[in-house]
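Read off the chains here:
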Amino acid sequence: MQALNLDYMVGLVPVLLGYLPLTLGMAAAGMVCALMLSCLLAVVRVSRLPVLDQAAQLFISFFRGTPLLVQLFLFYYGLPQFLSFLVSINGVTATIMGLTLHFSAYMAESIRAAITGIDRSQTEAAQSIGMTNAQTMRRIILPQATRVATPTLMNYFIDMIKSTSLAFTLGVTELMGATQKEAASSFLYFEAFLVVAVIYWIIVEALSWCQKRLEKRLNRAYQR
Amino acid sequence: MIALKGITKRFGEHTVLDGIDLSLERGEIIVVIGPSGTGKSTLLRCVNFLERPDAGQLTVGDLSVDAARATSDDILGLRRRTAFVFQNYALFAHKTALENIAERMIVVEGLSKAEAHARAREILERIGLADKADAYPAALSGGQQQRIGIGRAMAAKAEVILFDEPTSALDPEWVEEVLALMKQLAAEQQTMIVVTHEMQFAREVADQVVFMDGGRIVEQAPPSELFTHPRDERTRSFLRKVLAGNAPSDA
C-alpha cells in the first residue's frame, strides 16, 4: 500500500479554496431564489387559490418527482433546442435555475406545513384587531412559521451546497470540477477527492453551527 | 350603540343561533350566561365575523351590516369597531407584551412604532404590567397573559369589547386579577358584552344579564331582578345548578 501524498494534499487546499466563492455563490443565489419561490408556492397552496393551486401542485410534483441531474440536463442541453434565447445560457445560470426550481418544490411543502401548523387562534386574534388577510399572513403567520420551518430549510440549504457539485456535469469549473481537473493531471485521485470531501464537510459543519445559533435566536420568544 | 337583530347561525343542520336580538347603549355592560353549547360564544364571534352569521342585521356605531350580504369591507369595518378577548388569550406568540398591545395601532391606525409603543406603555401602566413590557407570552402566567389580552383589546378604543369566557381557562389563583381589571374597565364606562360563568361578576357589574338556552335569549333583565326573581323555569333551574355548585365561595 502506498502512503498518502500529504504534501500534495496540503498544496491542493489553497488551489481548491479559490473555487469556493463560486460554489457558495451558486448555493446562496439558489437559496435566496428558492426561498422566494417556495414562499409564493406555499401561500398559493394554503390559500387554495383556484387554478394557481393546481399549477403549484403540478410544479411541486414534477420537481420533486425527477432527479436534479435530469432537470439540469433538461435546462442546459435540452431546452435551448426549442427556446433559442436559452442557447446562450451558461452553466452557472442553469445550475442556479435548476437548484431554485428543484429545492423550492421541497421547501414549499415544508413552509406550507409550518403555516398550517400555526394555531388557528393566532389568525383569529389578528382578524379580531382588524388586520387584513395579507397583514395577518405577513406579520403574524409567516414570522411564526419561519421558526418552525427553519431547521428543515437549513437542511435543504446544506443539501443545496453539496448539490452545486452537479454543476461540474454542465462544464462549470467549481469546487468539484476543479478537483476533477487537478486529480486528472496528478493521478492522485484519492488525495484530491479526500481533500474536496473534507472541504465540503467543513462548510456544512460551519453552517450547522450557524443553524444552532439561529434557532436559539428564533426560539427566544418561546423560553419559559 | 350596538344592535343585533335576528342573528341566525347554522352549523349544517344544527341551528346554533335562532334569531338573536340584543342592543346596548354606550357604556352599558351586558353579561351573557347559560348552559354550555347554547351558542353564547358563537353569538360573540358573530359580532366580529369570526363566525359568519347566516342572517341578521348588525349595527356597531355608525356601521350597519346585513349579515347575509356582508362584504369584506363590512367585515373589516366591524372588526375595527370591536375588540375581542379570547378564552385562551391568543396573544401573538412571537411578540412581546408591549408589541402585542401596539400591533393594532401600527398596522390598523398607521401610527409610528415609537408612538404606538408609547401608547402601549400607558396601557401597560393601566393594567399594572409595566414591568412585563418586554416579556414574551410564554414567560407570563395565565392571568398576566389574559390581562395583556385585555390590554390589546383596550388599545383598539373600540365601540365594544367582546369577552369570550375570559376566565374559564385560568387557574383559580389568576381569576381575581382578571376580573378586577374588567371591573376597572366597567368603572371607566367601557361598553362590553361578556360571556362568563362568573355569576358574582355578573351580579356586581352587569347592567343587563342575558340568559341564553338552545340558541335563543330566554330572559333578559338587570341582575338584581334576574338573579332574585327569574321568570322562566329554564333560568331558575340553571341558576339553581350553578349557584348551588359554588355558593360557599361565590355568595
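Conventions used here
One numbering rule holds for all chains: residues counted from 1, following each sequence as written. Lettering for chains starts from A, numbering for ligands starts from 1, and both go in the order in which the items are written. Two thresholds apply to this predicted model, a pLDDT of at least 70 for residue-level local features and 80 or more for giving and counting side-chain atom pairs, whereas whole-chain, interface and lining totals are computed over all residues. Only hydrogens and water are set aside; all other atoms, that is, all heavy atoms of the structure, feed into the side-chain values. Each helix is a run of DSSP H or I of at least 4 residues and each strand a run of E of at least 2, with the numbering of both proceeding from the N terminus. Remark: exposure states derive from per-residue accessible area (1.4 Å probe, protein chains only) relative to the maximum for the residue type, with buried under 20%, exposed over 50%, and partly exposed in between. Contact definition: two residues touch when any of their heavy atoms are within 4.5 Å. In short, Shrake-Rupley with a 1.4 Å probe defines the accessible areas, and a residue's cover is counted only from the protein chains shown. Positive: Lys, Arg. Negative: Asp, Glu. His and the chain ends are not part of the count. Taken as the charge centre is NZ of Lys, CZ of Arg, CG of Asp or CD of Glu, depending on the residue. UniProt positions are given in the numbering used here, feature names are shortened, and annotations may be inferred rather than shown by experiment. Boundaries of every domain are those given by an automatic assignment or by a domain database. Computed with a 1.4 Å rolling probe, the buried area is the accessible surface lost when two parts are put together, summed over both parts. Any Lys or Arg side-chain nitrogen found within 4 Å of a carboxyl oxygen on Asp or Glu counts as a salt bridge. Polar contact criterion, stated in full: a pair of N or O atoms within 3.5 Å, where within protein one must be able to donate a hydrogen and the other to accept it, and residues adjacent in sequence count only if both atoms are side-chain atoms. Only Asp, Glu, Lys and Arg are considered charged in this grouping, and only Ala, Val, Leu, Ile, Met, Phe, Trp, Tyr, Cys and Pro are considered nonpolar; every other residue, Gly among them, is considered polar. The convention used is that axes are lines fitted to C-alpha atoms, helices contributing only their stretch in contact, and that angles between N-to-C directions extend from 0 to 180 degrees. Note that the term roughly parallel is reserved for angles under 35 degrees, roughly antiparallel for angles over 145, roughly perpendicular for angles of 65 to 115, and oblique for everything else. In a left-handed crossing the near helix is turned counterclockwise from the far helix by less than a right angle, and in a right-handed crossing that turn is clockwise. The span you would expect from a helix comes to 1.5 Å times its residue count less one. When DSSP finds two or more bridges between a pair of strands, those strands are recorded as paired.

Asker: Talk me through the overall build of chain A; I want residue IDs and the actual numbers.
Answerer: On a plain count of helices and strands, chain A comes out with nine helices and zero strands. For chain A, the α and β elements follow one another from N to C terminus as α-α-α-α-α-α-α-α-α. Its C-alpha atoms give chain A principal-axis dimensions of roughly 70 × 55 × 25 Å. Classification of the 224 residues of chain A by burial places 46% in the buried group. The contacts in chain A between residues at least 6 apart in sequence include a share of 76% that link residues at least 24 apart. When the accessible surface of chain A is totalled, it reaches about 11,900 Å², and 66% of it is carbon and sulfur. The centroid of the 16 positive side-chain charges in chain A is displaced by 14 Å from the centroid of its 11 negative side-chain charges.

Asker: Break down the UniProt feature "domain: ABC transporter" (unreviewed entry) in chain B for me, citing the residues and quoting the values.
Answerer: The sites that carry the UniProt feature "domain: ABC transporter" (unreviewed entry) are, in the present numbering, residues 2-239 of chain B. Secondary structure content for residues 2-239 of chain B is 39% helix and 26% strand, and the end C-alpha separation is 27 Å.

Asker: Any chance you could break down the domain arrangement of chain B for me, citing the residues and the numbers?
Answerer: All names here are of chain B. Under the domain assignment, chain B is made up of domain 1 (1-20 + 30-61 + 159-246) and domain 2 (89-158). Between the C-alpha centres of domain 1 and domain 2 the distance comes to 25 Å. Facing the 16 residues of domain 1 at the interface are 14 residues of domain 2. Together domain 1 and domain 2 conceal approximately 1,200 Å² of surface at their shared face, both sides included; 64% is due to carbon and sulfur atoms. Among the residues of domain 1 in contact with domain 2, Ile161, Glu177 and Leu181 are the three that bury the most area, contributing 35% of the side total. There are two salt bridges connecting domain 1 and domain 2. Taken together, the connections running from domain 1 to domain 2 amount to six residue pairs in polar contact (both at pLDDT 80 or more). If you list the elements that add at least two residues to the side of domain 1 that touches domain 2, you get β7 (160-164) and α6 (172-187). In terms of residue count, α6 provides more of the side of domain 1 that touches domain 2 than any other element does, seven residues in total. The residue inventory of the side of domain 1 that touches domain 2, partitioned by class, reads eleven nonpolar, two polar and three charged.

Asker: Which residues make up the interface of chain B and chain A, and what values go with them?
Answerer: Listed as interface residues are 25 residues of chain B and, on the opposing side, 21 residues of chain A. Buried surface at the junction of chain B and chain A, both sides included, amounts to about 2,100 Å², of which 57% is carbon and sulfur. Salt-bridge contacts for Glu124 of chain A lead to Arg45 of chain B; the nearest nitrogen and oxygen are separated by 2.6 Å. Here chain B and chain A share eight residue pairs in polar contact (both at pLDDT 80 or more) between them.

Asker: So what's going on with the packing of helix α3 (residues 97-107) of chain B against helix α4 (residues 113-126) of chain B? Residues and values would help.
Answerer: Residue and element names in this part refer to chain B. Across the interface, α3 lies against α4 with an axial gap of 8 Å and an inter-helix angle of 130°. What the angle tells us is that α3 and α4 run oblique. For the pair α3 and α4, the crossing hand works out as right-handed. Contacts between α3 and α4 pair Leu98, Glu99, Ile101, Ala102, Met105 and Ile106 from the former with Lys113, Ala116, His117, Arg119, Ala120, Arg121, Ile123 and Leu124 from the latter. In terms of residue class, the contact of α3 with α4 is built from nine nonpolar, one polar and four charged.

Asker: Account for helix α5 (residues 142-154) of chain B, naming residues and giving values.
Answerer: Between its first and last C-alpha, α5 of chain B extends 18 Å over 13 residues, near the 18 Å set by a 1.5 Å rise per residue. Burial of α5 of chain B is extensive: 13 of the 13 residues sit out of reach of the surface.

Asker: So what's going on with the sheet that holds strand β10 (residues 216-221) of chain B? Which residues, and what values?
Answerer: In a beta sheet, neighbouring strands pair by backbone hydrogen bonds and run either parallel or antiparallel. All names here are of chain B. Pairing in this open sheet of six strands is mixed, and the strands run β6-β7-β8-β3-β9-β10 from one edge to the other. Sheet topology places β6 (82-85) and β10 at the edges, where each strand pairs with a single neighbour. On average, adjacent strands in this sheet sit at an angle of 20° to one another, irrespective of strand direction. By the bridge criterion, four bridges tie β7 to strand β8 (residues 192-195) in an arrangement that is parallel. Among the inter-strand pairings, Ile161 is bridged to a residue of β8, identified as Met192.

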